[in-house]
Protein chains: 4
Amino acid sequence: MINMTKIAFIGIGKIGQTIAFNTIMDGYAEEVMFYDIIPELPEKFEHEIRHALASKRLHVDILATNNLDDIAGADIVVISAGKPRKAGMSRRDLFLDNAKIMIDLASKLPKKNPGALYIMVTNPVDMMASVFAKYSKEFVISTGDQVETMRMRAYIAKKLKIPIYKVNGFVGGEHGEDAVVLWSTITVNGRPFSESLGVTKAEVEDYVKKIAGEIIRVMGGTTWGPGTIISEIIRAYALNENKVMSIAIPRQFEDEIIHISVPTVVGNTIGPSLESLLDEKDRWNLMASMKDFYNVYKENLKTLETVIQQH
Amino acid sequence: MINMTKIAFIGIGKIGQTIAFNTIMDGYAEEVMFYDIIPELPEKFEHEIRHALASKRLHVDILATNNLDDIAGADIVVISAGKPRKAGMSRRDLFLDNAKIMIDLASKLPKKNPGALYIMVTNPVDMMASVFAKYSKEFVISTGDQVETMRMRAYIAKKLKIPIYKVNGFVGGEHGEDAVVLWSTITVNGRPFSESLGVTKAEVEDYVKKIAGEIIRVMGGTTWGPGTIISEIIRAYALNENKVMSIAIPRQFEDEIIHISVPTVVGNTIGPSLESLLDEKDRWNLMASMKDFYNVYKENLKTLETVIQQH
Amino acid sequence: MINMTKIAFIGIGKIGQTIAFNTIMDGYAEEVMFYDIIPELPEKFEHEIRHALASKRLHVDILATNNLDDIAGADIVVISAGKPRKAGMSRRDLFLDNAKIMIDLASKLPKKNPGALYIMVTNPVDMMASVFAKYSKEFVISTGDQVETMRMRAYIAKKLKIPIYKVNGFVGGEHGEDAVVLWSTITVNGRPFSESLGVTKAEVEDYVKKIAGEIIRVMGGTTWGPGTIISEIIRAYALNENKVMSIAIPRQFEDEIIHISVPTVVGNTIGPSLESLLDEKDRWNLMASMKDFYNVYKENLKTLETVIQQH
Amino acid sequence: MINMTKIAFIGIGKIGQTIAFNTIMDGYAEEVMFYDIIPELPEKFEHEIRHALASKRLHVDILATNNLDDIAGADIVVISAGKPRKAGMSRRDLFLDNAKIMIDLASKLPKKNPGALYIMVTNPVDMMASVFAKYSKEFVISTGDQVETMRMRAYIAKKLKIPIYKVNGFVGGEHGEDAVVLWSTITVNGRPFSESLGVTKAEVEDYVKKIAGEIIRVMGGTTWGPGTIISEIIRAYALNENKVMSIAIPRQFEDEIIHISVPTVVGNTIGPSLESLLDEKDRWNLMASMKDFYNVYKENLKTLETVIQQH
């Protein structure tokens, strides 16, 4: 049998571990690879995973390494390497530090992993996807606003005391505080969202934008939410589920490839995007989001290039 | 907790049993109802299901009945009641016999099941959906060509010796021998379909149109394939999976509501259809399919009305 | 990777299909083989299974054949070939017809499937296991009373309106009307069974012994219950789940190997039996069951040998 | 429907979170409760879990609290509260600190959770179970050596390059460095363990006793392995799976209730233990393990009582 599923996890920190654990326990991957720069970490994580697999009665081949050259032949490469945001750190600082890591990975991973799909997790996630795309010329998606999408649904479901699967709809735009709730897509019990149900738009937007920060403040990071949600994106691609998810695929915007989340079909082929089927207001907000992204991204790129040339 | 999932199965024949079994073993339904006109059949099927649930350690409330009035409060109503096609039977004969059953169900089910989604399985499935919609004014989907979609993928995967999740794409149009392979949507290993891969379009179309007949000839009916596929449609709706599936939702065509399958997002809300995102040729073929459907349907309706008035 | 799981299904009738379908959809088998004497049946069943696998996004290698010689290299061989009991047929008639099939299989299957576990489903199931063991010298288990065990739990749970996983305990002895409810093992909500809960021992025994006949009368056969339960036995072995199940392993009784169900640990190794941990009364009833089995079995064997010599 | 499954998690640290996450994502619990003394932690963890549930389309009722009095009506109480072992800390120090927590929990939890099963996770886990049993008079199990059992199987499978489900057998005794590999129970590919396979007993014992320390040194704690394994113990009880697992149930030893792991059937009723079915040598080692446990435990209890009286 050719074409079994082989997945590489680049970065085995808290979030990388959670994504890898969920993905592996889903049982469809024949082989996984763990890479991290921290000595012994991938190998010790391998032991933990083997103990869990023993309990679940699953067999998966595992390679754990501190050597990036060992990562070869992957169908899917999940990148969560890099620094997490800490108190007092500006988003631009994070951009510069992590962009340098992306440029390094972009120069090394594609040679040994031809045809792989790259899935970006490192923050700022959409810009890191764009940087990786720019320097690697590979197809890379940003896990983008699928996380916000699930937070939005979870909040409305809890507020209205209904099961989560009775809330539908998406959040798009840039991941983080500039995310755009796509109000025309949201339904509750199959009917369009209305504030008369007992929850206001302001509350929903507030929650979607602030809950991550709140969790980080108390728990030191978000793991279970994004870890689960991102493993579902990986599965939708690996198993060709054709699920609509709010992720960002590369798109040309003026002179750059950028990543902005819109509802998109995720299967063994990624797309089409459902952007053209959204209502006018939501499309206008997404367009504004792209412009903002582009402007900040260009500024960041300029600084990045200056920094790189200095070395 | 309000809004738990309650599913009614109208018709507990071979295919109805297989759909119900798969749906129940998925474990998300809190309550199911079985209805059939055959005395004792729903009740004995209930015993079989309870034995299976005991082994799977699942709890589901079950109501089994020969009285249609007992079917109340369902979120989803799956209709497989009616006659299956037998040797020597014309499709129009099947239409008349089963349409009369649909008219009867349309007059009785909606009163006690407000807001339910109706899922049609009885053949000719698209026309039965249209008849049920016409007489009930309810929202009813036809499971349509999701079955052909999976048969197409299975055939290509087997022929090319690749895992099934490496073949994507859809079959649309009317379920049965007039199904339309939507070639622009088909990809293999992420690349567009090409006959140079080792399988011709003619072969694929031949398989999709004839395999059901071949299975019926030897096994007396198709059960495991459609039963599994249709239970996945039910789940996509019940659990709001937002999966793209080739099913038919009601659409106005001239003076009638008709059902023709196109790739459609199936979640707690059904839609949007991705028809406008298909290439021109596939859209043209779907349009032709609709016209054919409409013409045959109108003829059938005329005969049906004559027959009804005679009674 | 060596040692992947390969399962052969000998007999693709109603029950064989249901067991195979459940086992395959569990997703752990890398390869399955279907054998039946009916022309085209295994091959058409393969198509049905491929369509279901396409929908479930599972990959399994499948071999379908009418040639028993093709069945080779299996880890597990599930035997459901033979005649089902029909109205007016005595159990001894069934014994003779199916025993001849077992002798034939016993002479052919072991050569090409070294080290396989044989799992008997054909009725009378315990005696068929003993006949297969006698003529093949292979390790064969009878699915025995795991079916009765689940029917007992399902009945008590329904009667007391509690979830199925709150009823524990086992039925042992010979599968069928001589089954022995092992009362000392039965608990409800963690407490020993007592008639004061609202269900009598007589009712439970009556249900366990008669429900199969009732289902057969209305539905023509039992499929969903046993098919699910037996696929769970297969899984417990294949995935080394170490679950206690009421199945029969070969045991010497006077001059014969016989099969009588007792609670037994089913993992990659089968056993130990928990018989010695049961209370005295239950052990006494099991012993009586063995003697009865032995006597009838010896009589059947005598007739069988006479019939064989006549040919 | 009465008797739905309600599970309380006392302690929401790293291991408590991992157990709760795995248990909840299994989908069978209708309600869960999170308690921790750290302000906001249970509530923020609830948000993370809700985001994950949204993605998995699961509905579970959640209560998050810093007030132990809110924990009421649980069927299962999982206790992981307490201090984890740190560098330079003696096991006795850990005993004293955590035993005081257990005494406090023992005085508060039983009143509001009648009939609950208590599952101990806090280390030293077997002694904490015994302390909790002594002070609460409730039925409490220690998750004991099921973790070592899976580590043993994982090690042998990796060393011999075979799938994990081809290795069977158990580790018993006290959890930690005094664990006892029950060699008579271990099989590989269905045959008894033998060093000639390519792995020595010394290697296996070394791995089982030291791997936890190695993981803690690099990763700061063990989470994925025990978190998965313990959630499977919870499920075996909640869903009445009747799986044989190496856990410790309360047993009288001289004047105390103690906890020493032996292979035990875990279903809705816990037991019987399979100790009497083990070979003589393994039983002798378990007996020695009990005596050691008793002696150390009595010493610890004496110190504990002195410390308590001083307050």
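Residues numbered from 1 in each chain as written. Chains lettered and ligands numbered in written order. Predicted model: local features only at pLDDT ≥ 70, side-chain atom pairs only at ≥ 80, totals over all residues. Heavy atoms only, no water.

A. Expanded view of the overall build of chain A. Of the regular secondary structure elements, chain A holds 8 helices and 14 strands. On C-alpha atoms alone, chain A measures out to a radius of gyration of 19 Å, which is about the 19 Å that the 2.2 N^0.38 rule sets for 311 residues. On the principal axes, the C-alpha backbone points of chain A span a range of 55 × 50 × 40 Å. Across chain A, contacts joining residues at least 24 apart in sequence account for 67% of those joining residues at least 6 apart. Approximately 11,300 Å² of chain A is accessible, and the part contributed by carbon and sulfur atoms is 52%. Put simply, chain A has 36 plus and 39 minus side-chain charges, and the middle of one group is 4 Å from the middle of the other. (Helix = DSSP H or I, 4+ residues; strand = E, 2+ residues; numbered from the N terminus. Rg over C-alpha atoms; globule rule 2.2 N^0.38 Å. Contact = heavy atoms within 4.5 Å. Areas by Shrake-Rupley, 256 points an atom, 1.4 Å probe, with all protein chains shown as cover. Lys, Arg positive; Asp, Glu negative; His and termini not counted. Charge placed at Lys NZ, Arg CZ, Asp CG, Glu CD.)

B. Representation of the sheet that holds strand β4 (residues 76-79) of chain C in the model. All names here are of chain C. Pairing is parallel in the open sheet, where 6 strands are placed in the order β3-β2-β1-β4-β5-β6. The sheet terminates laterally at β3 (61-65) and β6 (140-142), the two strands that pair on one side only. Taken pair by pair, the neighbouring strands of this sheet meet at an average axis angle of 20°, ignoring direction. The pairing of strand β2 (residues 31-35) with β3 spans 5 bridges and is parallel. The residue bridging M33 from the neighbouring strand is L63, located in β3. Of the strands in this sheet, β1 (6-10), β2 and β4 touch helix α1 (residues 14-25), which is tilted by about 165° from β1. Most of the contacts of helix α7 (residues 224-238) go to β4, to which it runs at about 165°, and overall it touches β1, β4, β5 (117-120) and β6. (Pairing = 2+ DSSP bridges. Axes fitted to C-alpha atoms, helices over the stretch in contact; angles between N-to-C directions.)

C. Local environment of helix α3 (residues 91-112) of chain C. Residue and element names in this part refer to chain C. When the terminal C-alpha atoms of α3 are compared, their 32 Å separation across 22 residues agrees well with the 32 Å that a helix rising 1.5 Å per residue should span. Most pronounced at L105, the bend in α3 amounts to some 30°. Those residues of α3 not exposed but buried are L94, F95, L96, N98, A99, M102, I103, L105, A106, L109 and P110. Those residues of α3 that are buried are in contact with β1, β4, β5, α4 (125-136) and α8 (280-310). (Expected span 1.5 Å × (residues − 1). Bend = angle between axes of the 7 residues up to and from the residue. Buried < 20%, exposed > 50% of the residue type's maximum accessible area, 1.4 Å probe, protein only.)

D. A look at the packing of aromatic side chains. Residue and element names in this part refer to chain B. One pass over the full model with this rule turns up 38 aromatic pairs over all chains. Relative to Y297, the ring of F95 lies with its centre 6.5 Å away and its plane at 75°, an arrangement referred to as edge-to-face. You can see F95 sitting in helix α3 (residues 91-112) and its partner Y297 sitting in helix α8 (residues 280-310), a full 202 residues away along the chain. The pair F95 / Y297 is uniform in exposure class, with both members buried. (Phe/Tyr/Trp six-rings, centres within 6.5 Å; stacked < 30°, edge-to-face > 60°.)

E. Up close: the interface of chain D and chain A. Listed as interface residues are 46 residues of chain D and, on the opposing side, 46 residues of chain A. Counting the surface chain D buries against chain A, the share from its top three residues, D:E48, D:H51 and D:W224, is 18%. At the junction of chain D and chain A, the tally comes to 10 salt bridges. Between A:E232 and D:K56 there is a salt bridge, and its shortest N-O distance comes to 3.3 Å. (Buried area = accessible area lost by both parts, 1.4 Å probe. Salt bridge = Lys/Arg side-chain N within 4 Å of Asp/Glu carboxyl O.)

F. Just the side chain of C:T23, in detail. With respect to the helices and strands, C:T23 occurs in helix α1. Dropping the residues within four chain positions of it, C:T23 is found in contact with C:I7, C:F9, C:Y28, C:S231 and C:I234.

G. Representation of the interface of chain B and chain C. Listed as interface residues are 46 residues of chain B and, on the opposing side, 46 residues of chain C. Between chain B and chain C, the buried area comes to about 4,500 Å², and carbon and sulfur atoms account for 64% of it. Among the residues chain B hides against chain C, the three largest losses belong to B:E48, B:H51 and B:W224. Together they make up 18% of the total. Summed over the shared surface of chain B and chain C, the number is 10 salt bridges. The partner of B:D26 in a salt bridge is C:K56, and the shortest N-O contact between them spans 3.9 Å. Residue assignment for the side of chain B that touches chain C shows that the elements contributing at least two residues are α1 (14-25), α2 (41-56), α5 (146-160), α6 (201-219) and α7 (224-238) of chain B. Residue composition of the side of chain B that touches chain C, grouped by class: 21 nonpolar, 11 polar and 14 charged. (Nonpolar A, V, L, I, M, F, W, Y, C, P; charged D, E, K, R; others polar.)

H. Region of interest: the relation of the copies chain B and chain C. The transformation that overlays chain B on chain C combines an axial shift of 0.0 Å with a rotation of 180°, and the residual RMSD is 0.0 Å. In symmetry terms, the pair is related by a two-fold rotation axis. The share of interface residues of chain B whose copies in chain C are also at the interface is 100%, consistent with both copies meeting through the same surface. (Least-squares fit on C-alpha atoms with pLDDT ≥ 70 in both.)

I. Looking closely at the environment of A:R153. Secondary-structure assignment places A:R153 in helix α5 (residues 146-160). In this structure A:R153 comes out as buried when scored by relative accessible area, which is 2%. Note: C-alpha distance between A:R153 and A:K111 (42 residues apart in sequence) is 40 Å. With residues near it in sequence (within four places) discarded, A:R153 still touches A:I164, A:V167, A:N168, A:G169, A:F170, B:N240, B:N242 and D:R57. Of note is the side chain of A:R153, whose polar atom sits 3.0 Å from the backbone oxygen of A:G169. (Polar contact = N/O pair within 3.5 Å; in protein donor to acceptor, adjacent residues only side chain to side chain.)

J. Up close: the pattern of salt bridges. The tally for this structure, following the rule as stated, stands at 92 salt bridges over all chains. Close ionic contact of A:E203 with A:K159 constitutes a salt bridge, the shortest N to O distance being 2.6 Å. Of this pair, A:E203 sits in helix α6 (residues 201-219) while A:K159 sits in helix α5; the two residues are 44 residues apart in sequence, bridging distant segments of the chain. Since its relative accessible area comes to 38%, A:K159 is described here as partly exposed. Overlapping salt bridges bring together A:D26, A:E232, A:R235, A:E241, A:K243 and D:K56 as one network.

K. Quick look at the pairing of strand β13 (residues 262-266) of chain C. Residue and element names in this part refer to chain C. The buried count for β13 comes to 5 of 5 residues, which makes it a mostly enclosed element. With 2 bridges connecting them, β13 and strand β14 (residues 270-273) associate as antiparallel partners. If you follow V266 over to β14, its bridge partner there is I270. Taking the residues that link successive antiparallel strands as the turn, the β13-β14 hairpin has 3 residues.

L. Quick peek at the confidence of the model for chain A. Of all residues in chain A, 98% attain a pLDDT of 70 or more, and the chain-wide mean is 95. Both confidence scores are given for the complex: pTM 0.97, ipTM 0.97. (pLDDT = per-residue confidence, 0-100.)

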